[in-house]
Amino acid sequence: MVSRDIYEIFTSFQGEGSLLGRRQIFIRFRGCPLECFYCDTRAARMKDPSLPPARPEKVIETVKELITPDLHSVSFTGGEPLASPDLLRELAERCRGLGLSCYLETAGVDARIFQKLIDLFDYAAIDVKLENHRAVETRGAWKKLYQEEIECIRTSAASGLHTIVKVVIPDDTTSSQIESLCREISDYRIDLILQPLTGIKAPSLELLFDLSATAGRYLGKQVMVIPQIHRLYQDGLGKKMR
Ligand code: SF4
């Protein structure tokens, strides 16, 4: 199943955001144009030209084998799925053809591609990269990325998708960063997830209270503070098929 474009396919529980704990099938794409300092899927960031291209029918065979009665949805994750738009479209169409709900996890790197694919998804989890995430090298590139992400959020919410906006919170995050973001998206019905880093650069509880209250001024009860929990699942609970 390992291929140039797909890093892994497996079933587990969603470990982030407002669908935490839901059983999903994860299709992890290879390739991501960003380089966030906290990336925990580095091995999936590069496509591997030495491997054969993905065969959609084989991917779907694996998906079928992983379907369980408690399945919530298929998560298209990465890497960055929007970096492989044709394959993403084909796989999402096939999953919908099987009657499965589709959940897109993206950093919102390209609002135009996102717009073209959005009709295939029921859920969109969009990461917003703050400047201190060091996802790109220059301030100009970061501003462009940020605007693409905001546009994806607006498109998703306006299209009626369950829209989850996730922001990773290192210890140097400021209230003004969160306030600027919330101003941009406060007209939309979204879940805002503040996801504290754990270990190195972990924020204090005091900072999290402050950032959550700041976001709450714009988004009210739609704000949640939830750390990643999938590492807790990894001790034997995640059933992987590569
Ligand atoms: S967007 Fe995701 S996959 Fe890409 S570098 Fe950042 S954390 Fe890693």
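Cut-offs used in this document
- Residues numbered from 1 in each chain as written.
- Predicted model: local features only at pLDDT ≥ 70, side-chain atom pairs only at ≥ 80, totals over all residues.
- Heavy atoms only, no water.
- UniProt positions renumbered as here; feature names shortened; annotations may be inferred.
- Near = heavy atom within 4 Å.
- Nonpolar A, V, L, I, M, F, W, Y, C, P; charged D, E, K, R; others polar.
- Contact = heavy atoms within 4.5 Å.
- Salt bridge = Lys/Arg side-chain N within 4 Å of Asp/Glu carboxyl O.
- Helix = DSSP H or I, 4+ residues; strand = E, 2+ residues; numbered from the N terminus.
- Buried < 20%, exposed > 50% of the residue type's maximum accessible area, 1.4 Å probe, protein only.
- Core = buried A, V, L, I, M, F, W, Y, C linked by side-chain atoms within 4.5 Å.
- Expected span 1.5 Å × (residues − 1).
- Phe/Tyr/Trp six-rings, centres within 6.5 Å; stacked < 30°, edge-to-face > 60°.
- Pairing = 2+ DSSP bridges.
- Right-handed = clockwise from strand over helix to strand, strands pointing away.
- Polar contact = N/O pair within 3.5 Å; in protein donor to acceptor, adjacent residues only side chain to side chain.

The protein chain carries the name 7-carboxy-7-deazaguanine synthase in an unreviewed UniProt entry, which gives Candidatus Syntropharchaeum butanivorans as its organism. In the Catalytic activity (unreviewed entry) part of its UniProt record, the protein chain is described as follows: "6-carboxy-5,6,7,8-tetrahydropterin + H(+) = 7-carboxy-7-carbaguanine + NH4(+)". Reading the Pathway (unreviewed entry) entry of the UniProt record for the protein chain gives the comment "Purine metabolism; 7-cyano-7-deazaguanine biosynthesis."

Let us now look at the site of the ligand. Near the ligand, the surroundings consist of Cys32, Leu34, Glu35, Cys36, Cys39, Thr41, Arg45, Gly79 and Lys129. Considered class by class, the residues forming the shell around the ligand number four nonpolar, two polar and three charged.

With that out of the way, let us pick up the UniProt feature "binding site: Mg(2+)" (unreviewed entry) in the protein chain. The positions UniProt marks with the feature "binding site: Mg(2+)" (unreviewed entry) are Thr41. If sequence neighbours within four positions are ignored, Thr41 has contacts with Arg28, Gly78 and Gly79.

Attention now moves to the pattern of salt bridges. Two side chains of opposite charge can pair, provided their charged atoms sit close to one another. Here the structure, examined in full by the defined rule, presents 17 salt bridges. Between Arg23 and Asp70 there is a salt bridge, and its shortest N-O distance comes to 3.1 Å. One end of the pair, Arg23, is in strand β2 (residues 23-29); the other, Asp70, is in the loop between α1 (56-66) and β3 (71-77), with 47 residues separating them in the sequence. Classification of Asp70 by relative accessible area gives partly exposed; the value is 40%. Between Glu131 and Arg139 there is a salt bridge; the shortest N-O distance is 2.4 Å. We classify Arg139 as partly exposed; its relative accessible area is 46%.

In this section: the nonpolar core. Within the largest apolar cluster, 56 residues are counted, with the highest numbers of intra-cluster contacts made by Ile27, Phe76, Phe121 and Leu192. No other element matches helix α4 (residues 139-158), which puts six residues into this core. Once you skip the residues sitting within four places of it in the chain, Phe121 turns out to touch Phe76, Leu88, Ala92, Arg96, Cys102, Tyr103, Leu104 and Leu161. Core analysis: the next-biggest nonpolar cluster, separate from the first, contains eight residues, Cys36, Tyr38, Ala135 and Val168 among them.

The next point concerns α4. With 20 residues, α4 should reach 28 Å at 1.5 Å per residue; the first-to-last C-alpha distance of 28 Å fits that figure. Along α4, the residues that are buried comprise Trp142, Leu145, Tyr146, Glu148, Glu149, Ile150, Cys152, Ile153, Thr155, Ser156 and Ala157. Contacts made by the buried residues of α4 are with α3 (111-117), β5 (123-127), β6 (162-169) and α5 (175-185). Directly beyond the C-terminal end of α4, a positive phi value near 85 degrees is found at Gly160.

Turning our attention to the packing of aromatic side chains. What describes a pair of aromatic rings is the distance from one ring centre to the other and the angle between the planes of the rings. Scanning the entire structure with this criterion turns up five aromatic pairs. With a centroid separation of 5.6 Å and 85 degrees between ring planes, the pair formed by Phe76 and Phe121 is classed as edge-to-face. With Phe76 in strand β3 and Phe121 in the loop between α3 and β5, the pair connects residues that are 45 residues apart, well separated along the chain. Using a relative accessible area of 0% as the deciding quantity, one classes Phe76 as buried. Pairing Trp142 with Tyr146 gives two aromatic rings, centres 5.1 Å apart and planes at 40 degrees, and the pair type is tilted. Of the two residues, Trp142 and Tyr146 are both situated in helix α4; the distance of four residues between them amounts to about one turn of the helix. Grouping residues by exposure puts Trp142 and Tyr146 together as buried.

The next thing to look at is the pairing of β6. Burial of β6 is extensive: seven of the eight residues sit out of reach of the surface. For β5 and β6, the ladder comprises five bridges, and the chain directions are parallel. Within β6, the residue paired with Ala124 across the bridge is Thr163. Once the chain exits β5 it traverses α4 before rejoining the sheet at β6, and the crossover so formed is right-handed. With six bridges joining them, β6 and strand β7 (residues 191-196) adopt parallel strand pairing. Across the sheet, residue Lys166 finds its bridge partner in β7, namely Ile193.

Structurally, the position occupied by Glu8 is in strand β1 (residues 6-13). You can call Glu8 buried: its relative accessible area is 4%. Reaching out from Glu8, the side chain makes a polar contact with the side chain of Arg28 at a distance of 2.7 Å.

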